[in-house]
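Structural characterization, general
Chain by chain, the residues:
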Amino acid sequence: QVQLVESGGGLVQPGGSLRLSCASSGITFSIYTMGWYRQAPGKQRELVSLITDGGSTNYADSVKGRFTCSRDNAANTVYLQMNSLKPEDPAVYYCNAYYRGSLLRQPGNYWGQGTQVTVSS
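Report follows, based on the coordinates.

Some thoughts on the state of the cysteines
In the structure shown here, the tally under the stated rule is 1 disulfide. Note that Cys22 is cross-linked by a disulfide to Cys95, the S-S spacing being 2.1 Å. Torsion about the S-S bond of the Cys22 and Cys95 cystine: about -80°, corresponding to left-handed handedness. With Cys22 in strand S3 (residues 18-25) and Cys95 in strand S9 (residues 91-99), this residue pair connects regions lying 73 residues apart in the sequence.

If you want it as structure tokens, here you go:
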């Protein structure tokens with residue numbers, strides 16, 4: 001059974017920092033591209049950051065220079081360090097695990113339950 005469990009969300013003041021974690025189980029974590037997405041009320045879910053199995057990262061323009069995505073394959077965990085949080089950053093942040101598949105393995109696309117990030121003074 002695949003599980004992605006996010007943690008680290010909470011309330012922070014503008015300009016503050018949070019570190020989100022997503023612990024996985026039930027997948028071969030090291031071969032998955034891991035992503036962080038967020039969804040604010042009334043808005044579509046949007047990509048925040050991706051980190052490939054090789055460690056390459058991509059970021060949404062809105063978070064470049066402020067957020068850093070990293071992974072620890074030994075711990076089966078992906079992180080999102082969020083600095084300089086802004087009033088437009090609040091949302092539920094979701095972890096995603098994606099594997100496109102191969103001749104030897106089935107593809108996979110899994111989601112965590114989300115963690116709330118609130119930015120308020």
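Quick word on the sheet that holds strand S8 (residues 77-82)
Taken in spatial order, the 4 strands make up an open sheet running S1-S3-S8-S7, and their pairing is antiparallel. Either end of the sheet is taken by a strand with one partner, and the two such strands are strand S1 (3-7) and strand S7 (67-72). Each strand axis lies, on average, 15° off the axis of its neighbour in the sheet, ignoring direction. Across 5 bridges, S1 lies against S3 in antiparallel orientation. Following the sheet pairing, Ser7 is matched in S3 by Ser21.

Points about the side chain of Ser49
Its location among the elements puts Ser49 in strand S5 (residues 46-51). When its relative accessible area of 0% is taken as the criterion, Ser49 is described as buried. Polar contacts involving the side chain of Ser49 include one to the main-chain carbonyl oxygen of Asn58, which spans 3.0 Å. If near-sequence neighbours (up to four positions away) are discounted, Ser49 is found in contact with Met34, Gly35, Trp36, Asn58, Tyr59, Cys69 and Leu80.

Here is what the cut-offs are and how they apply
Residues numbered from 1 in each chain as written. Predicted model: local features only at pLDDT ≥ 70, side-chain atom pairs only at ≥ 80, totals over all residues. Heavy atoms only, no water. Disulfide = S-S within 2.5 Å. Helix = DSSP H or I, 4+ residues; strand = E, 2+ residues; numbered from the N terminus. Pairing = 2+ DSSP bridges. Axes fitted to C-alpha atoms, helices over the stretch in contact; angles between N-to-C directions. Buried < 20%, exposed > 50% of the residue type's maximum accessible area, 1.4 Å probe, protein only. Polar contact = N/O pair within 3.5 Å; in protein donor to acceptor, adjacent residues only side chain to side chain. Contact = heavy atoms within 4.5 Å.

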